[in-house]
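# Structural characterization, general
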Amino acid sequence: MNDSTASDESRGWRAKLFGRMLHSYFVLTRSMTMGVRAACFDSQGRIFLVRHSYIAGWHMPGGGVERHETVEQALTKELREEGNLVISGRPQLFHVYFNNRISKRDHVVFYRVAVEQTAPRRPDIEIVESGFFPTDALPPGTTHATYRRLKELEGDAPPSNYW
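To keep things clear, this report deals only with the structure shown in the data block. Keep in mind the model is a prediction, meaning the values are calculated, not measured.

Time to look at the nonpolar core. Formed by 16 residues in total, the largest nonpolar core has its most connected members in Ala38, Cys40, Leu75, Leu79, Leu85, Val113 and Val115. Mapped onto this core, the elements with two or more residues apiece are strand S1 (33-41), strand S2 (47-52), helix H2 (71-83), strand S6 (106-117) and strand S7 (127-133). Top element by residues in this core is S6. It accounts for four residues. Each residue touching leucine 85, except ones within four places of it in the same chain, is listed here: Cys40, Phe48, Leu79, Arg80, Val115, Glu116, Gln117 and Phe132.

The structure is reproduced here in structure tokens:
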């Protein structure tokens, strides 16, 4: 095993542990969890996606709403942290979903937003890749939920109540 392979395996193990610890913290400190996620489109109509270290697949950016934080404040913070994204105009609330795949008490507030990226997002322990993609050429590994949300946004499917 070379140093690069060992480093990748160590990073993967640490990232999974980090994700589990974070989720455990939320379970202990919150009676209900709420998150935000957004379909972020640039001026060319491309969507911004992220690939996390602790969960498989390409996802739309987002994260948890903290105490004393509005949903829109959380949205602004998460887009900045996960993609160096700045919202142009007003975020458009699309739907609120029950995310019963994560827990029996998790909800996701989903927005459609126009964004500008202030600088490319460098990989770190949480986000290993990110980028803008044409909606008809999403990267391999894009999650089923991401495809479903895009169909809902386009009007090709009614919004589900479940993420």
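Summed over all chains, the structure comprises seven salt bridges. Lysine 77 is the salt-bridge partner of glutamate 69, the closest N and O atoms lying 3.2 Å from each other. In this pair, the class of glutamate 69 matches that of lysine 77, namely buried. In this structure, the salt-bridge partner of aspartate 124 is arginine 121, at a minimum N-O distance of 3.0 Å. Connected through salt bridges with shared partners, the residues Glu69, Lys77 and Glu78 form a single ionic network.

On to the packing of aromatic side chains. Under the criterion given, the structure shown has seven aromatic pairs. Considering the side-chain rings of phenylalanine 94 and phenylalanine 110, the 6.0 Å spacing of their centres and the 90° angle between planes classify their relative orientation as edge-to-face. One end of the pair, phenylalanine 94, is in strand S5 (residues 85-98); the other, phenylalanine 110, is in strand S6, and 16 residues separate them in sequence. The buried category is assigned to phenylalanine 110, whose relative accessible area is 0%. Ring geometry for tyrosine 97 versus phenylalanine 110: centroids 6.1 Å apart, planes at 65°, classification edge-to-face. Here tyrosine 97 is found in strand S5, whereas its partner phenylalanine 110 is found in strand S6, with 13 residues between them in sequence. Each member of the pair, tyrosine 97 together with phenylalanine 110, is buried.

Criteria and thresholds
- Residues numbered from 1 in each chain as written.
- Predicted model: local features only at pLDDT ≥ 70, side-chain atom pairs only at ≥ 80, totals over all residues.
- Heavy atoms only, no water.
- Core = buried A, V, L, I, M, F, W, Y, C linked by side-chain atoms within 4.5 Å.
- Buried < 20%, exposed > 50% of the residue type's maximum accessible area, 1.4 Å probe, protein only.
- Helix = DSSP H or I, 4+ residues; strand = E, 2+ residues; numbered from the N terminus.
- Contact = heavy atoms within 4.5 Å.
- Salt bridge = Lys/Arg side-chain N within 4 Å of Asp/Glu carboxyl O.
- Phe/Tyr/Trp six-rings, centres within 6.5 Å; stacked < 30°, edge-to-face > 60°.

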